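Report on the structure
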Amino acid sequence: MLKRFKRDGKKGFTLVELIVVLVILAILAALLVPTLIGYIDKAREKQIVAETRQVVMAAQTLVDEAYGKGEQGDIIDADNDIDKADIAALAEVEETNIKEVTVDNDNKINKVVYSNGTTQCTYDIDAAELYDVGPATP
């Protein structure tokens, strides 16, 4: 039968061969998609931790700068909170994403809660896990 195709000068794939190739490609895609989604989720988690670190570093920088200038009262209010707009500008993040920033009596950042809408990361110096990532709370 193959000789007949060669004699006639016809070249190409049969429909069955094409379907087999498509089925193999579909199986490979089905195996790869969950893995890729896992990598995407890990990357998003690392991104929010990195952004939270930026906020912590920016807040600590502002506190240290104010302490050096003797202007602590200008940056830290009575609740030991820092102005979120200044932190957001220095950390290059959205001000609305910064939920909470508190300072302890030693002028160290005690707690930062940062949320990007779907995920929330909490930096807490007293917690067992320094950066805790979970779903955002309203």
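Let us look at the structure shown here.

How each quantity is defined
- Residues numbered from 1 in each chain as written.
- Predicted model: local features only at pLDDT ≥ 70, side-chain atom pairs only at ≥ 80, totals over all residues.
- Heavy atoms only, no water.
- Phe/Tyr/Trp six-rings, centres within 6.5 Å; stacked < 30°, edge-to-face > 60°.
- Buried < 20%, exposed > 50% of the residue type's maximum accessible area, 1.4 Å probe, protein only.
- Lys NZ or Arg CZ within 6 Å of the ring centre and 35° of its normal.
- Helix = DSSP H or I, 4+ residues; strand = E, 2+ residues; numbered from the N terminus.
- Contact = heavy atoms within 4.5 Å.
- Pairing = 2+ DSSP bridges.
- Axes fitted to C-alpha atoms, helices over the stretch in contact; angles between N-to-C directions.
- Left-handed = near helix turned anticlockwise from the far one by under 90°.
- Patch = residues over 30% accessible without salt bridge, like charges linked within 9 Å, V, L, I, M, F, W, Y side chains within 5 Å.
- Areas by Shrake-Rupley, 256 points an atom, 1.4 Å probe, with all protein chains shown as cover.
- Salt bridge = Lys/Arg side-chain N within 4 Å of Asp/Glu carboxyl O.

Right, let's talk about the packing of aromatic side chains for a bit. Tallied over the entire structure, the rule returns one aromatic pair. When the ring of Y123 is compared with that of Y131, the centres are 5.3 Å apart and the planes differ by 50°; the resulting orientation is tilted. Residues Y123 and Y131 agree in their burial class; the two are buried. R53 extends its terminal NZ or CZ atom over the ring of Y131, reaching a point 4.9 Å from the ring centre.

Turning our eyes to something else, we now look at the side chain of T122. Mapped onto the elements of the fold, T122 is located in strand 3 (residues 119-124). Among the residues examined, T122 registers a relative accessible area of 16% and is labelled buried. The contacts of T122, once residues within four sequence positions are left out, are K111, V112, V113, L130, Y131 and D132.

With that settled, consider the sheet that holds strand 2 (residues 109-115). Judged by pairing direction, the sheet is antiparallel, and its four strands sit side by side in the order 1-2-3-4 without closing on themselves. Where the open sheet ends on each side, the last strands, each with one partner, are strand 1 (98-103) and strand 4 (131-135). Ignoring strand direction, the axes of neighbouring strands in this sheet form an average angle of 10°. Sheet analysis places strand 2 next to strand 3, joined by five bridges and oriented antiparallel. Bridge pairing in strand 3 places V112 opposite Y123. Lying on the sheet, helix 2 (residues 15-69) is in contact with strand 1, strand 2, strand 3 and strand 4; it crosses strand 2 at an angle near 140°.

On to the environment of Y131, then. Among the secondary structure elements, Y131 is positioned in strand 4. Judged by its relative accessible area of 16%, Y131 is buried. Residues Y131 and A50, spaced 81 residues apart in sequence, show a C-alpha to C-alpha distance of 9.9 Å. Ignoring sequence-local partners within four residues, the contact set of Y131 consists of V49, T52, R53, C121, T122 and Y123.

The N-to-C vectors of helix 2 and helix 4 (residues 84-91) enclose an angle of 120°; their axes lie 8 Å apart at closest approach. Handedness of the crossing formed by helix 2 with helix 4: right-handed. Counted together, Q54, V55, A58, A59, T61 and L62 of helix 2 and D86, I87, L90 and A91 of helix 4 form the full contact between these two elements.

The next point concerns the pairing of strand 2. Of all seven residues that make up strand 2, five are buried, and the element is covered over most of its length. Between strand 1 and the antiparallel strand that follows it, strand 2, lie five residues; N107 among them carries a positive phi value of about 60°. Counting the residues between successive antiparallel strands, the hairpin from strand 2 to strand 3 contains three residues, one of them, G117, with a positive phi of roughly 110°.

Taken together, the side chains of L15, V16, I19, V20, V21, L22, V23, I24, L25, I27, L28 and L31 define a hydrophobic patch exposed on the protein surface, amounting to about 1,200 Å² of accessible area. Within the element layout of this structure, L22 appears in helix 2.

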